[in-house]
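Below are the chains, spelled out letter by letter.
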Amino acid sequence: QDYLQRIEQRDDQLNSYITVASERALAQAQAADERLSRGDASLLCGIPIAHKDLFCTRNLATTCASKMLANFVPPYDATVVERIDTAGAVTLGKTNLDEFAMGSSNENSFFGAVKNPWDLDCVPGGSSGGSAAAVAAELCVAATGTDTGGSIRQPAAFCGITGLKPTYGRVSRLGMVAYASSLDQGGVMAKSADDCAILLEAMAGFDLKDSTSSGHPTIRYSEQLNTSIAGLRIGIPRQYFNEQLDAKMAGILQQSLRELEKLGAQLIDIDLQQTGLAIPAYYIIAPAEASTNLSRYDGVRYGYRCDNPKDLQDLYVRSRSEGFGKEVQRRILVGTYSLSSGYYDAYYGQAQRARRLIAEDFAKAFTQVDIIASPTTPGPAFGLNSKTQDPVAMYLEDIYTLAVNLAGLPGLSMPAGFYDHRPVGLQLIGNHFDESTLLRTAHQYQ
Ligand code: GLN
């Protein structure tokens, strides 16, 4: 009740929720009370959380912040939702995002932009901007997010919270509406690494219904948090900390690296030579996959349908033109072009080769170090509407986060300090399935 009241009081200003599920939340809370009175030991029992509105929730609208799905009510729960529900958590509602998770500012939402709780004139980041703003403003305890190229880490940094994108395959994608399937991964956003660990424990693990989910054993992340990081080798990529990095950002991050050194970690300079390939490779591969994934929204089976179509062609064209926002249409066009015969090898094939080089770069680095530290973003949260007219300027915001998805690695952003009054994050990148080291490093730093 307390959280629902807070949402009612504050969310008109922030717009972090698309749907508030009051009745369902109160019923779940009551069930949790009963479980607790029977001595249920689950740490998540009764904890009010929110889901990014990209996760399917049974009998609860799942819009993907798109007009296309504005009235879509799924008949099933995403595996992530089902597992968190089973642990007894209370779902307060569904959070705002960039349409179909395409964006870095949460301004591409059919339901309007989200505002950054630290500065209402700034964006909260995206695409999981609603989840980040809701956690930061205490409109939920923790939230789920998804990360295809930075969508958990970048908004976490902009809103001063902790966000973890697990290794590709660590968390089931069943019921998580697809953007770019080879990059998409669900994850967690909370005030602390500790809370992230608890939520990840509930979500992670093999799912028979997602063939890309991994059978690699999960561990009790929350029990590893206090294992000392003395002797941990942290790689500092020269290509990330160079003269292009804003001097004030560099100063803040150096300070947090020194704190990690005080905890016993060892900083080692490394090279990630292929860093420059990340933006071009990602912005070919992600739209290519998006163009095929989004072909299912044809106005026939479900989702938005235009009024009075003349014929089938008109139904397709108008339903998609009216149902999708501008950025989504841009990506479908770019993706369709790069997959077309004649251009496939020049664009998509090349991008796949670049992706391989990026993955090899990381593999080499992990023979020298245990984790890698970098900025999460080039700077603090930027002003609302300051980049909406220039898609390339928006894409450049993702420079530090994209490579992690291309290589399928886990990445975490933790609060590192303030740039004037706006929070900034330090990103920690781990080797495959080593979420634990990221979480305990962040925990001990915090
Ligand atoms: N900003 C990136 C994009 O627009 C990443 C988004 C995401 O991780 N979902 O594609």
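Note that the coordinates shown come from a computational prediction; the quantities given were computed from them, not determined experimentally.

Novice: For the overall build of the chain, give the residues involved together with the corresponding values.
Specialist: A tally of helices and strands in the chain yields 14 helices and 11 strands. Scaling as 2.2 N^0.38, a compact globule of 446 residues should have a C-alpha radius of gyration of about 22 Å, and the chain matches this with 21 Å. Judged by the C-alpha coordinates and their principal axes, the chain covers about 70 × 65 × 45 Å. For the chain, long-range pairs separated by at least 24 residues make up 75% of all intrachain contacts whose partners lie at least 6 apart in sequence.

Novice: Quick one: what's the story with the site of the ligand, residue by residue and with numbers?
Specialist: Near the ligand you find 13 residues, and of these Ala101, Ser104, Thr148, Gly149 and Ser151 are the closest. Looking at the shell around the ligand residue by residue, the class counts come to 4 nonpolar, 7 polar and 2 charged.

Novice: Kindly report on the UniProt feature "active site" (unreviewed entry) in the chain, identifying the contributing residues and their values.
Specialist: According to UniProt, the feature "active site" (unreviewed entry) maps to Lys52, Ser127 and Ser151 in the numbering used here. Sequence-wise these annotated residues cover 100 residues; spatially they are packed, their C-alpha atoms never more than 10.9 Å apart. The residue lysine 52 is located in strand E2 (residues 48-52) in this model. With sequence-adjacent residues up to four places away left out, lysine 52 is seen in contact with Thr95, Leu97, Ser128, Gly130, Ser131, Ala143, Thr144, Gly145 and Thr146. Topologically, serine 127 is positioned in the loop between strand E3 (90-95) and helix H4 (129-136).

Novice: Account for the nonpolar core, with residues named and values stated.
Specialist: The biggest cluster of nonpolar side chains holds 133 residues, and the ones touching the most others in it are Ile49, Val135, Cys140, Ala142, Met189 and Ala281. A total of 9 residues in this core trace back to one element, the largest contributor, which is helix H8 (residues 278-293). What alanine 142 contacts, discounting residues up to four positions off in sequence, is Ile49, Val135, Val188, Met189, Ala190, Asp195 and Leu199.

Novice: Hey, could you go over the environment of isoleucine 270 for me, with residue numbers and the actual values?
Specialist: Note on placement: isoleucine 270 falls in strand E8 (residues 266-270). Classification of isoleucine 270 as buried rests on a count of 21 C-beta atoms within 10 Å.

Novice: Outline the environment of valine 135, listing residues and values.
Specialist: With respect to the helices and strands, valine 135 occurs in helix H4. Residues valine 135 and proline 117 lie 18 residues apart in sequence; the distance between their C-alpha atoms is 9.8 Å. Those residues in contact with valine 135, other than ones at most four positions away along the chain, are Cys140, Ala142, Ala143, Ile161, Met189, Ala190 and Lys191.

Novice: Summarise the pairing of strand E9 (residues 371-375); cite the residues concerned and give the values.
Specialist: Here E9 lies mainly inside the structure; 5 of its 5 residues are buried. Examined bridge by bridge, E9 and strand E11 (residues 422-430) share 5 bridges and lie antiparallel to one another. By the bridge assignment, isoleucine 371 is partnered in E11 with glycine 430.

Novice: Describe the sheet that holds strand E7 (residues 233-237), naming the residues involved and giving the relevant values.
Specialist: The strands making up a sheet are joined through hydrogen bonds of the backbone, oriented either antiparallel or parallel. Pairing is mixed in the open sheet, where 11 strands are placed in the order E1-E3-E2-E4-E6-E5-E10-E11-E9-E7-E8. In the strand order of this sheet, the two ends are held by strand E1 (17-20) and E8, each with one partner. Averaged over neighbouring strand pairs, the angle between their axes works out to 30 degrees when direction is ignored. Sheet analysis places strand E10 (residues 411-419) next to E11, joined by 8 bridges and oriented antiparallel. Among the inter-strand pairings, phenylalanine 418 is bridged to a residue of E11, identified as proline 423.

Definitions and limits used
Once a new chain begins, its residue numbering starts again from 1 and follows that chain's sequence as written. Per-residue local features are limited, in this predicted model, to residues with pLDDT of at least 70; the limit for side-chain atom pairs, both in listing and counting, is 80 or more; totals at the level of whole chains, interfaces and linings are taken over all residues. Strands are runs of DSSP state E lasting at least two residues, helices are runs of H or I lasting at least four, and both sets are numbered from the N terminus onward. Radius of gyration: C-alpha atoms only; globule rule: 2.2 Å multiplied by the number of residues to the exponent 0.38. This entry defines residue contacts through backbone-placed C-beta atoms, with two residues in contact when those atoms are within 7 Å. Only the C-beta atom matters for this test: placed from the backbone, it must lie within 6 Å of a molecule or strand for the residue to be near it. Each residue gets one of three labels, nonpolar for Ala, Val, Leu, Ile, Met, Phe, Trp, Tyr, Cys and Pro, charged for Asp, Glu, Lys and Arg, and polar for the others, Gly among them. UniProt positions are given in the numbering used here, feature names are shortened, and annotations may be inferred rather than shown by experiment. We define the nonpolar core as any set of buried residues of the types Ala, Val, Leu, Ile, Met, Phe, Trp, Tyr and Cys, connected via C-beta atoms lying within 7 Å of each other. Any residue surrounded by 20 or more other C-beta atoms within 10 Å of its C-beta is treated as buried, while 12 or fewer makes it exposed and the intermediate range makes it partly exposed; C-beta atoms here are placed from the backbone. Two strands form a pair only when DSSP identifies at least two bridges running between them. Convention adopted: a line fitted to C-alpha atoms gives each axis, helices being fitted over their contacting stretch, and angles between N-to-C directions are expressed from 0 to 180 degrees.

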